[in-house]
Structure formats: structure tokens, C-alpha cells
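Listed below are the residues making up each chain.
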Amino acid sequence: GFALGFAYQGRLLELGVRAEASLPRSSELPVAAGDLRSASFGLKLDVCVAPQLDSIQLLACARGGGSLLLAEGQGTLGDRSAKIPLYSVGPGLGARWLLSEHAFVSVGVGASWFLERPELLVDGLTERRRVESLSLGAELGGGVRW
């Protein structure tokens, strides 16, 4: 996936917003002789404690946001598409290596708990699938500061 974010940083707190997207991917459905193609787009708000220690900045964040999961059956009987809204909250931890006054490299990990877990139904399958309750992720990025 990809993300683009903007943040305002005070002395110790940072408030940010992130736009995220995942590339389309396919999951095989062997029983239905087809596959499920999905992608997502989302927006998250971050509130972080961000102390700076020389050229390293540590971040402990609370995140909340929403995303839109786009799913479409391909090669299945009665192909359909769905747009599923998902809402999540969770923590994030990260570190930034300040390369200069205006540039940094960042690494982080985060968890998101989905507030609602909709069921996904596929025609021809007796199994119902739910959106997982927890999503874990890692990120690597870079940025500029003004």
C-alpha cells in the first residue's frame, strides 16, 4: 500500500492526517472456480506524542479512521461488486531519523481494530467470511519538514 500524510507538530504533540491506498490484489476461490479482487482507500487521523532525542524522534500514536474496501468477484457465477466501509482505531509506534533540518526517514508499526466486521458472501460458496477484527502493519517512508 501507499500513504501520503501531513502533520502539524508542536513541542511534544503531533496531529496528522493520512490518505492511504492499497494496490488491487486477487484471492483465489477454488470452490467457486474464480477469484475475489480487492483494493482499499482510506483516511486516518493521528494524535502522537513525539519527543526528539538528537537526530532521532520517537512517536507513540493513537489512530482512528475509515476506509472503503472495494471487492469484486471474477470468474464466479453471478459476479458482483461491493463497496464496504470499515472504521478502525488503534495504536502506532515509530521512529524518525532526522537526516537534516528538513528531511527524515521513518519506520513504524501499527495495529487497527475494526469497530464493525461485515460479512462477505460469495454466490456458490456456503462459507461466509468476515473482515478480520485486527490488522497489523509495518511502514517505511521518508518525508520533509518545514
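Residues numbered from 1 in each chain as written. Predicted model: local features only at pLDDT ≥ 70, side-chain atom pairs only at ≥ 80, totals over all residues. Heavy atoms only, no water.

### What about the overall build of the protein?
Summing up its helical and strand segments, the protein has zero helices and 10 strands in all. The N-to-C order of helical and strand elements in the protein reads β-β-β-β-β-β-β-β-β-β. Counting the 146 residues in the protein, one finds 27% classified as buried. Considering only contacts in the protein between residues 6 or more positions apart, those separated by 24 or more positions represent 52%. As displayed, the protein has an accessible area near 9900 Å², and 61% of this comes from carbon and sulfur atoms. (Helix = DSSP H or I, 4+ residues; strand = E, 2+ residues; numbered from the N terminus. Buried < 20%, exposed > 50% of the residue type's maximum accessible area, 1.4 Å probe, protein only. Contact = heavy atoms within 4.5 Å. Areas by Shrake-Rupley, 256 points an atom, 1.4 Å probe, with all protein chains shown as cover.)

### Things to note about unusual backbone geometry
Unlike most non-glycine residues, D54 shows phi in positive territory, near 55°. Within the fold, D54 resides in the loop between β4 (52-53) and β5 (56-74). A relative accessible area of 74% places D54 in the exposed class.

### So, the environment of L23
With respect to the helices and strands, the residue L23 is situated in strand β2 (residues 13-29). Judged by relative accessible area, L23 falls into the exposed class, the value being 53%. With 17 residues separating them in the primary sequence, L23 and S40 have C-alpha atoms 7.6 Å apart. Setting aside residues up to four positions removed in sequence, L23 forms contacts with F2, S38 and A39.

### Let's talk about the nonpolar core
Formed by L69, I84, L86, F114 and V131, the largest nonpolar core amounts to five residues. In this view, L69 contacts S38, A39, S40, A82, K83, I84 and L86; residues no more than four positions away in its chain are not counted. (Core = buried A, V, L, I, M, F, W, Y, C linked by side-chain atoms within 4.5 Å.)

### What to know about the packing of aromatic side chains
Applying the stated criterion across every chain, the model contains zero aromatic pairs. Above the plane of the ring of F104 lies R96, whose end atom (NZ or CZ) is 4.9 Å from the centre. (Phe/Tyr/Trp six-rings, centres within 6.5 Å; stacked < 30°, edge-to-face > 60°. Lys NZ or Arg CZ within 6 Å of the ring centre and 35° of its normal.)

### Things to note about the state of the cysteines
One pass over the structure, following the stated rule, counts one disulfide. What pairs with C48 in a disulfide is C61, and their sulfur atoms sit 2.0 Å apart. Measuring the twist about the S-S bond at about 105°, one finds the C48-C61 disulfide to be right-handed. Residue C48 is located in strand β3 (residues 34-49), and its partner C61 is located in strand β5; the two are separated by 13 residues in the primary sequence. C48 sits in the buried class, given a relative accessible area of 3%. (Disulfide = S-S within 2.5 Å.)

### Details of the environment of E132
Mapped onto the elements of the fold, E132 is located in the loop between β9 (129-130) and β10 (134-144). For the pair formed by E132 and F114, sequence separation is 18 residues and the distance between their alpha carbons is 7.7 Å. Non-local contacts of E132, meaning those with residues more than four positions away in its chain, are made with F114 and R117.

### Concerning the pairing of strand β6 (residues 81-98)
Successive side chains on a regular strand alternate, one facing one side of the sheet and the next facing the other. Of the strand pairs in this sheet, β6 and strand β7 (residues 103-114) are connected by nine bridges, and their pairing is antiparallel. Considered in β7, the bridge of G92 is made with G110. With antiparallel pairing between neighbouring strands as the criterion, β6 and β7 make up a hairpin whose turn holds four residues. (Pairing = 2+ DSSP bridges.)

### Some details on the environment of A19
Considering the arrangement of structural elements, one finds A19 in strand β2. Excluding its chain neighbours within four sequence positions, the residues that come into contact with A19 are F2, A3, L4, G42 and L43.

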